[in-house]
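Chain by chain, the residues run as shown.
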Amino acid sequence: MKTTAKTAKITNIAKRFGKLGKVYKQDKRAVWIDVPSKDIMKALGEVRKATERISDISIYDTGKGLLEVMYRFFISGTVLNIKTRINDVKPRINTAVRLFPGALLFEREQHEMFGVWFSGHPGLDKVLFAKTTPETPLRKKCILDKMKNPVKEEKDG
Amino acid sequence: MAEESRGRENEKKAEERKTYTLPVGPQHPLYVEAENLMVHVDGETITDVDVNIGYMHRGIEEMMQRRNYLQNIYLAERICGICSFIHSCTYCQAVENLTGLEIPDRAAYIRTIMLELERLHSHFLFLGVMGYEMGLDTIFQYTWRDREHIMEMLEEISGNRVNYAMTTIGGVRRDIPETIRKNMLDKLSLIEKRVGYYNNVFMEDRVIRKRTQGIGVLSKADANKFSIQGPVLRASGVNYDVRWHAPYAAYPKIRDWKVITEKEGDVHARVVQKILEMPEAAKILRTALNKLAKLPKPPKGELKVKASLSIPEAEAISITEAPRGELLYYAKSNGTDQPERMRIRTPSFSNMLSLRPILKGQQLADLPVIVGSIDPCFSCTDRVTLVEERTGKTRTVDATYLKRLGESRG
């Protein structure tokens, strides 16, 4: 694909979804949009009109009282990243599963790693770890090295 | 009303009497890794399935955040033994995207060659496993023999059969010498001929067709709905391949191949999908190898550009087409030599959601081939336990029993 055609495609994606929030970055294969948490479902609803496939959901703990939740979609050869921020105390956000059933496992994994509650998720439970493992292991406050027994022994039966 | 309610209860109880739960795994007959499927069966028919994963979780995202960018190349490579190069390559691309680094042409072609060799050997492995699960041991042995040519090529180039340590941030670590390049072109013709043979076998053999056609169907709607990836998605009729739609490495310059799609979405379509993808991979390889001869060789032609290992605050995405589908890495830097956040989303994780729709309503004996056909990067056992819910009695059966059950369908 010629560079100009590719750039035009990415610019189109940025224009189309830019109204959902603030386009804070645009590179050769991705568009990055920052959306206020109150508008996130509306934004995801708009993306749903363009695609029914979701590529990923990930979270980043800023360590400053906020968690960044990022939704990723692949549209017309471009990765669309939609980021929102939520409070890290009792973090809660509406589930994307109603719009994108493919988000089922992504939300369970992020819930397990960061303790975020995805309201309305049909089965929000641990997906990768046993129930005895530490809560929210990828949160910055969770320092595994300092824990005496990070993983409790699971009783048989 | 009370009677009606009681009737429904009895109906439910009767249903429950017929239903069994069949734990498959954590050790599983198909694969060498651990995974657990709780299969609910009514007689021999699968009524539902619960997928329990995580037995192989090693906390690699967290480990990456404690190591520097160079150390992480080798860690990424060890995520998977079969797709080791695609992981290290996608990781390096993510770090290069953080700084806007462009790799030299020769490095891009060498990465593409390695990626396609990896795809070929992974697809051969899949064919062998599918043949074995259907009781066709000859196919299993043949594919293993043919796969060996690819493994030899990888060994000649890198010195290793897995974990090649070929890529680095900013390019590649080794060149492909002219003698090896010519040797690879010769071997490619042989591989293409063998793929033609497998195509004939899987398309024309009545036993294989009866065993796989109309079994484990994943509709195009479900494939999109559950965001399924890779060959499983394409076998359901969705034209999506990252190599074509968002090309990376040297793929933007190699366009003389096509994205293969099948329509049926059944086990047969998924097998044929991979067989037909192999000549396309060979085409890409041939073009890349021919182009490599025309590019300036080292020391005139560079293999890598210098990369700074302290990366200013930024975030980037890297997306590639692994043998099993779309592989995604997200990297966030913080000005040090260690990443602030790494996120890895593998195709098999997405594809787990396909198991429920493709197994529901199928025969228990078809379970090994159906699960095998999505080529998940997981697990294997030599025994399973049947639990009767009503009485709580258990019955243990081994892999031989399951395999015999599978073969008896042929």
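As the structure is a prediction and not an experimental result, all values here were calculated from the model. (Residues numbered from 1 in each chain as written. Chains lettered and ligands numbered in written order. Predicted model: local features only at pLDDT ≥ 70, side-chain atom pairs only at ≥ 80, totals over all residues. Heavy atoms only, no water.)

Trainee: What is the right way to read the overall build of chain A from this model?
Mentor: Helices and strands together make up the secondary structure of chain A, namely 3 helices and 7 strands. N-terminal to C-terminal, the α/β element order of chain A is α-β-β-α-β-β-β-β-α-β. Buried positions account for 53% of the 157 residues belonging to chain A. Across chain A, contacts joining residues at least 24 apart in sequence account for 45% of those joining residues at least 6 apart. (Helix = DSSP H or I, 4+ residues; strand = E, 2+ residues; numbered from the N terminus. Buried < 20%, exposed > 50% of the residue type's maximum accessible area, 1.4 Å probe, protein only. Contact = heavy atoms within 4.5 Å.)

Trainee: Looking at this structure, how should I read unusual backbone geometry?
Mentor: Backbone geometry follows two general trends: most residues other than glycine have a negative phi, and most peptide bonds adopt the trans configuration. Residue and element names in this part refer to chain B. With an omega of 5°, the peptide bond running from Pro298 to Pro299 counts as cis. Even without a glycine there, the phi angle at Ser227 is positive, about 55°. Take Ser227: it is sitting in the loop between helix 9 (220-225) and helix 10 (230-234). The class of Ser227 is buried, set by a relative accessible area of 1%. You will see that Ala249, though not glycine, has its phi angle at about 45°, which is positive.

Trainee: Whenever I open this one, the pattern of salt bridges confuses me. Can you help?
Mentor: Two side chains with opposite charge may pair up if their charged atoms get near one another. In the structure shown here, the tally under the stated rule is 39 salt bridges over all chains. Salt-bridge contacts for Asp39 of chain A lead to Lys38 of chain A; the nearest nitrogen and oxygen are separated by 3.5 Å. You can call Lys38 of chain A exposed: its relative accessible area is 72%. In this structure, Arg78 of chain B engages Glu77 of chain B in a salt bridge whose closest nitrogen and oxygen atoms are separated by 3.7 Å. (Salt bridge = Lys/Arg side-chain N within 4 Å of Asp/Glu carboxyl O.)

Trainee: Looking at this structure, how should I read the sheet that holds strand 4 (residues 66-75) of chain A?
Mentor: Strand pairing within a sheet occurs via backbone hydrogen bonds; the two strands may be parallel or antiparallel. Residue and element names in this part refer to chain A. Taken in spatial order, the 5 strands line up as 1-2-5-4-3 in an open sheet, and their pairing is mixed. Since the sheet does not close on itself, it has two edges, and those belong to strand 1 (22-26) and strand 3 (56-61), each with one partner. Taking the axes of each pair of neighbouring strands and ignoring which way they run, one obtains an average angle of 25° across the sheet. Pairing between strand 1 and strand 2 (residues 30-34): 4 bridges, direction antiparallel. (Pairing = 2+ DSSP bridges. Axes fitted to C-alpha atoms, helices over the stretch in contact; angles between N-to-C directions.)

Trainee: I keep staring at helix 6 (residues 137-158) of chain B and nothing clicks. Help me out?
Mentor: Along an α-helix, a turn takes 3.6 residues, which lines up residues three or four apart on a common side. All names here are of chain B. The terminal C-alpha atoms of helix 6, which comprises 22 residues, lie 31 Å apart, in line with the 32 Å expected from a rise of 1.5 Å per residue. The set of residues buried in helix 6 consists of Ile139, Thr143, Asp146, Arg147, Ile150, Met151, Met153, Leu154, Ile157 and Ser158. On its buried face, helix 6 sits against helix 5 (105-133) and helix 7 (178-204). Positive backbone phi, approximately 90°, marks Gly159, located one or two places after helix 6. (Expected span 1.5 Å × (residues − 1).)

Trainee: When you look at the sheet that holds strand 7 (residues 325-333) of chain B in this model, what are you seeing that I'm missing?
Mentor: All names here are of chain B. Strand order in this open sheet of 3 strands is 6-7-8, and the pairing throughout is antiparallel. Every other strand in the sheet has two partners, leaving strand 6 (314-322) and strand 8 (341-345) as the edge strands with one partner each. Strand-to-strand twist in this sheet, taken as the mean axis angle between neighbours without regard to direction, amounts to 10°. As defined by bridge partners, strand 6 adjoins strand 7 across 9 bridges and the pair is classed as antiparallel. Its bridge partner lying in strand 7, Ile319 is registered against Leu328.

Trainee: Just to check I follow, could you spell out the confidence of the model for chain B for this structure?
Mentor: Residues shown with low pLDDT carry predicted positions that ought not to be read at fine detail. All names here are of chain B. Of the residues in chain B, 86% have a pLDDT of 70 or more, and the chain-wide mean is 86. Taken together, the stretch residues 379-392 has pLDDT below 50 and engages in 61 contacts with residues farther than four places along the chain or on a different chain. Taken together, the chains of this predicted complex give a pTM of 0.88 and an interface ipTM of 0.91. (pLDDT = per-residue confidence, 0-100.)

Trainee: How do you make sense of the interface of chain B and chain A when you look at a structure like this?
Mentor: Accessible area lost on assembly of the parts is the figure often given for the size of an interface. Contacts between chain B and chain A engage 40 residues on the former and 42 residues on the latter. With both chains or domains summed, chain B and chain A bury close to 3,500 Å², and 54% of this area falls on carbon and sulfur atoms. One salt bridge connects Arg343 of chain B with Asp56 of chain A, and the closest N-O pair in it is separated by 2.6 Å. Counting every contact that joins chain B to chain A gives 17 residue pairs in polar contact (both at pLDDT 80 or more). Those elements that place two or more of their residues in the side of chain B that touches chain A are helix 2 (60-64), helix 9, strand 6, strand 7, strand 8 and helix 13 (347-351) of chain B. Of the residues belonging to the side of chain B that touches chain A, the class tally is 19 nonpolar, 8 polar and 13 charged. (Buried area = accessible area lost by both parts, 1.4 Å probe. Polar contact = N/O pair within 3.5 Å; in protein donor to acceptor, adjacent residues only side chain to side chain. Nonpolar A, V, L, I, M, F, W, Y, C, P; charged D, E, K, R; others polar.)

Trainee: Can you walk me through the nonpolar core in this structure?
Mentor: One broad trend across soluble globular proteins is that nonpolar side chains are buried collectively. If you look at the biggest cluster of nonpolar residues, it comprises 162 residues, and the most contacted ones within it are Tyr71 and Leu80 of chain A together with Tyr91 and Tyr329 of chain B. Ranked by the residues each element gives to this core, the list is headed by helix 5 of chain B, at 15 residues. If we skip the residues at most four places from it in the chain, Tyr71 of chain A touches Ile40, Leu44, Ile54, Asp56, Ile57, Leu80, Asn81, Ile82, Ile93, Asn94, Ala96 and Phe118 of chain A. (Core = buried A, V, L, I, M, F, W, Y, C linked by side-chain atoms within 4.5 Å.)

Trainee: I would appreciate a short explanation of the packing of helix 5 of chain B against helix 7 of chain B in the present structure.
Mentor: The geometry of a pair of packed helices is captured by two quantities: the angle between their axes and the separation between those axes. Residue and element names in this part refer to chain B. With their axes 13 Å apart at the nearest point, helix 5 and helix 7 run at an angle of 30° to one another. The two elements helix 5 and helix 7 cross, and the hand of that crossing is left-handed. Residue-level inspection shows Ile113, Leu117, Phe124 and Leu127 of helix 5 in contact with helix 7, the latter providing Met184, Ile191, Val195, Tyr198 and Phe202. Among the residues forming the contact of helix 5 with helix 7, the class breakdown is 9 nonpolar, no polar and no charged. (Left-handed = near helix turned anticlockwise from the far one by under 90°.)

Trainee: Honestly, the pairing of strand 7 of chain B in this entry has me stumped. Any pointers?
Mentor: Working note: regular strand, side chains alternate between the two faces of the sheet. All names here are of chain B. Summarising burial for strand 7: 9 of the 9 residues are buried, a large majority. The antiparallel pairing of strand 6 with strand 7 creates a hairpin that spans 2 residues between the two strands. Here strand 7 runs beside strand 8; their pairing, made up of 5 bridges, is antiparallel. In the strand pairing of strand 8, Tyr330 is matched with Arg343.

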